[in-house]
Amino acid sequence: GVGLAQNISLTTLSLTINNCSDLSGDWARDLGVGLAQNISLTTLSLTINHCSVLTGDWGHGLGDGLAKNISLTTLSLTINNYTDLSDDWVWYLGLGLGRSKSLTVVNVTVTTCIKVSEAWLCGLCDSLAESVTISVLNFTFIDHSGTSEVLEHDFMKHIADCKSLPSLNLTVSLYGEAAVS
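A few points on the structure. (Residues numbered from 1 in each chain as written. Predicted model: local features only at pLDDT ≥ 70, side-chain atom pairs only at ≥ 80, totals over all residues. Heavy atoms only, no water.)

### Section: the pattern of salt bridges
Convention followed: For this analysis, a salt bridge means a side-chain nitrogen from Lys or Arg found within 4 Å of a carboxyl oxygen belonging to Asp or Glu. Helix and strand definitions follow DSSP, with helices as H or I runs of at least four residues and strands as E runs of at least two, each counted in order from the N terminus. Relative accessibility decides the category of a residue: with a 1.4 Å probe and only protein chains considered, values under 20% of the type maximum give buried, values over 50% give exposed, and everything between is partly exposed.
Considering all chains together, one arrives at three salt bridges under this definition. Between K68 and D64 there is a salt bridge, with the nearest N and O atoms lying 3.1 Å from each other. Here K68 pairs with D64, and both are found in helix 3 (residues 58–68), just four residues apart, close to one helical turn. On the accessibility criterion, D64 (26% relative accessible area) is partly exposed. With a shortest N-O distance of 3.4 Å, D64 and R99 are connected by a salt bridge. In this pair, D64 sits in helix 3 while R99 sits in helix 4 (residues 89–99), placing the two residues 35 residues apart along the sequence. One network of salt bridges, with partners in common, ties together D64, K68 and R99.

Right under this line is the structure:
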């Protein structure tokens, strides 16, 4: 976190985490501290591949950093091959996104997720609805089982309250769904 905070020339940061069994701990808090103090970063891309457990305060730490950063305009979050999207990390991350004063573009891609709860998407969308700067929101959901009800009832209801969203791109490819309304 300290190195990122002190760097004044870095404009793009891409962080990819592969094949982790447990992504808890302080790593995202440290990243959040660095983000909060960095004044040059405009684009952050975070990709998490093949992770079975995403728990703990990592969403809180990262969200707090996003809320305090004054230069970041674009965030891309990609989660691939994940087992369980039912923890509070997305709610905390969304809180930070909603409080950000500089983010204008948010890309969220979730691919091959087995367990999806209503809470993670509701929390993210409720927080994004509070944003006054995000003007482009891209959501992509690919290959999920049990996602159609969450998307149908929760996503559209919550995203309708967005204050600053002239552009919404939603891509849904639901393999494993018997019927999608």
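### Considering the side chain of N69
This is how it is decided: Any pair of N or O atoms that falls within 3.5 Å is considered a polar contact. Within protein, one atom must be able to donate a hydrogen and the other to accept it, and sequence-neighbouring residues count only if both atoms are side-chain atoms. Here, residues are in contact when the closest pair of their heavy atoms is within 4.5 Å.
Here N69 shows up in the loop between helix 3 and strand 3 (74–85). Take N69: its relative accessible area is 1%, and that puts it in the buried class. At 2.6 Å, the side chain of N69 forms a polar contact with the backbone nitrogen of L72. If we skip the residues at most four places from it in the chain, N69 touches L35, A36, N38, L41 and S102.

### Comments concerning the side chain of N38
With respect to the helices and strands, N38 occurs in the loop between helix 2 (27–37) and strand 2 (43–51). When near neighbours in sequence (up to four residues on either side) are disregarded, N38 contacts L4, A5, N7, L10, N69 and S71.

### Here we look at a nonpolar patch on the surface
The following threshold applies: In this analysis, a patch consists of residues with relative accessible area above 30% that form no salt bridge, clustered at 9 Å for like charges and at 5 Å for the nonpolar side chains Val, Leu, Ile, Met, Phe, Trp and Tyr. Note on areas: these come from Shrake-Rupley sampling with a 1.4 Å probe, and a residue is covered only by the protein chains present in the view.
On the surface, a nonpolar cluster with roughly 370 Å² of combined accessible area is contributed by I8, I39 and I70. With respect to the secondary-structure elements, I8 resides in the loop between helix 1 (2–6) and strand 1 (12–18).

### Thoughts on the environment of E130
On the secondary structure map, E130 appears in the loop between helix 5 (118–129) and strand 5 (136–144). Linking E130 and G98, residues 32 residues apart in sequence, is a C-alpha distance of 5.2 Å. Setting aside anything within four residues of it in sequence, one finds E130 in contact with G98 and K163.

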